[in-house]
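# Structural characterization, general
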Amino acid sequence: MKTSVARSPLVALVLCLSLSFGFASRDVEEVGWRRVEGRVEWGKGHSGNTGRPYYFGEESFREWSRTPLGHFKLLERFDDELLRGSVGDYRVTYLEMAPRAFLQPSHFDADEVLYVKEGEGVLVLLRKGRRESLCVREGDVMVIPAGSIVYFANTHRSKWLRVVMLLNYASFEEFFPVGGEGPDSYLSAFSDDVLQAAFNSRRDELERVFERQSKGEIWQASEEQIQELSRSCSRGGGGSGSKEEEINPTSLPGQKPRYSNNHGRMHMITGDECRHLRDLDMEVGIANITCGSMMAPRYTTRATTIAVVVEGRGYFEMACPHKSDSGRSERREHGSEEQQMMKSRGYKQVTAQIKEGSVIVLPAGYPATFVTGNEGNLAVVCFGVGSGNDEEVFLAGGNNLLKQLDAPARAIVFGGQGREAADRVIGAQTDSVFLPGPQQQSRGGVSDMWS
Ligand SMILES: *[C@@H]1O[C@H](CO)[C@@H](O)[C@H](O)[C@H]1NC(C)=O
């Protein structure tokens, strides 16, 4: 098929059309999605590409709180049965704070892994009996252990501070010591007698201090207050505890790239660099794919990836084992367990257009790829969940794992004649990890061969 496609553009076109039409008519009925038309075109013709249940767009977020000084957006739970087992305990949230906004002290009953998407700030942690005041900036990754009391200020005069957070408890709650009308102080839930005894203070005083601050969850601070807060902040390392225990913001793009070429770069922070990530069995990476390029199709061996688009546009494609409903009813009617297994060995394409703010879940073992649009780089922050001993396996390009097929196996798998073609195809892409995208591919080798 490959040969005829390459030989005649017209045949290729007809073939593509009929193939996609075939897919479309079948899949629309079954699962409500179809192949992408006009892949890098925006605004029309892709309403059916829902990427379900692996893709989450704006409509999957809800505002948890919204004031002129900031927003807190929460992604719905990963509730689909295909996701619940691997990432069901995690929630993605976006925090956005206006210039000089101050997020008042609170603690979560969940660990948070944080990526600073834009802006700069001071983040103060109260834990283990002391205070750590940390300067954070664009590109930083940080872990905030569950239960730490945190306050946070945007220290910039004019830029918003935007943060992506991953929480590792799906029904997490936030607790405020100081409150008023929304949020309440948790102290208001205790009886007067208990509070007066505990604080050795009068009830009316306690109320005034803790329960009548009605400025809301995010306050505006003055220029001087912000300056004073920033004065004491550091990049960590000033504490008296052991080095490993310390919480440090770490610049993700500041890490030596794991992969880098003209088509993109990948930076990672793993458990080796950050003990707190290791404790959470997580790693964080960023793939910054150059405009017009793509990532080689790849899968992870153990980690499920929660990918958050932080810059640009493009699309993703993923191969998902396909178990159609019709297959299921057939199975009920006849056949042994093995026959049933055979019948379900198809793959469907899951795809969606993605842009800043989109979230995609890539299960361990599922081959997937990201492709940029035409307008700029596509940058994706990847939280690898369950990443202990994880490995990333590439399925095309210079470090393609299929290259490891040994000669006798190649002869068996591809047959005597097919072997040469297979060798050529497996070796044809010489770039690794980040590749020229579909619009950029010259296919020099291919056209030379048949012209
Ligand atoms: C991606 O790379 C471009 C070019 O180097 C850079 O300008 C941009 O800030 C990077 N994006 C992120 C999110 O790191």
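### Focus on the overall build of the protein
Per the secondary structure count, the protein includes eleven helices and 27 strands. Counting across all 451 residues of the protein, residues that qualify as buried make up 45%. Within the protein, counting contacts between residues at least 6 apart in sequence, those at least 24 apart form 76% of the total. Of the accessible surface of the protein, which amounts to about 23300 Å², a share of 50% is contributed by carbon and sulfur atoms.

### Side note on the nonpolar core
If you look at the biggest cluster of nonpolar residues, it comprises 62 residues, and the most contacted ones within it are F78, I306, V359, F370 and F383. The leading source of residues in this core is strand β25 (residues 378-385), at seven residues. Apart from the residues within four sequence positions on either side, I306 is in contact with F78, V87, Y90, V92, L166, V359, I360, V381, C382, F383 and V385. L103, M142, I144 and F152 belong to the second-largest nonpolar core, a separate cluster that totals 27 residues.

### Let's talk about the sheet that holds strand β20 (residues 304-311)
In space, the seven strands of this open sheet follow the order β1-β23-β20-β25-β17-β16-β15, with antiparallel pairing throughout. A strand with exactly one partner marks an edge of an open sheet, and here the two such strands are β1 (55-56) and β15 (259-261). The pairing of β20 with strand β23 (residues 359-362) spans four bridges and is antiparallel. The residue bridging V308 from the neighbouring strand is V359, located in β23.

### Focus: the packing of aromatic side chains
Here the structure, examined in full by the defined rule, presents ten aromatic pairs. For the pair F102 and Y151, a centre-to-centre distance of 5.8 Å together with 40° between the ring planes defines the contact as tilted. Of this pair, F102 sits in strand β5 (residues 101-108) while Y151 sits in strand β10 (residues 149-154); the two residues are 49 residues apart in sequence, bridging distant segments of the chain. Considered together, F102 and Y151 belong to a single accessibility category, that of buried residues. An angle of 80° between the planes, with centres 5.5 Å apart, marks the rings of Y259 and F394 as edge-to-face.

### Thoughts on the site of the ligand
Taken together, R265, I286, N288, E311, N377 and A379 are the residues near the ligand. The separation between a nitrogen atom of the ligand and a polar side-chain atom of E311 is 2.7 Å. For the ligand, an oxygen atom lies 3.3 Å from a polar atom in the side chain of N377. Relative to its free-state accessible area of 360 Å², the ligand is covered by the protein chains to the extent of 54%.

### A few points about the state of the cysteines
For the structure on display, the rule yields one disulfide. Across the disulfide from C135 sits C233; the S-S distance is 2.1 Å. On the S-S bond that ties C135 to C233, the torsion sits near 105°, and the link is right-handed. With C135 in strand β8 (residues 130-137) and C233 in the loop between α6 (223-231) and β14 (250-251), the pair connects residues that are 98 residues apart, well separated along the chain. C233 shares its class with C135; the two are buried.

How each quantity is defined
Residues numbered from 1 in each chain as written. Predicted model: local features only at pLDDT ≥ 70, side-chain atom pairs only at ≥ 80, totals over all residues. Heavy atoms only, no water. Helix = DSSP H or I, 4+ residues; strand = E, 2+ residues; numbered from the N terminus. Buried < 20%, exposed > 50% of the residue type's maximum accessible area, 1.4 Å probe, protein only. Contact = heavy atoms within 4.5 Å. Areas by Shrake-Rupley, 256 points an atom, 1.4 Å probe, with all protein chains shown as cover. Core = buried A, V, L, I, M, F, W, Y, C linked by side-chain atoms within 4.5 Å. Pairing = 2+ DSSP bridges. Phe/Tyr/Trp six-rings, centres within 6.5 Å; stacked < 30°, edge-to-face > 60°. Near = heavy atom within 4 Å. Polar contact = N/O pair within 3.5 Å; in protein donor to acceptor, adjacent residues only side chain to side chain. Disulfide = S-S within 2.5 Å.

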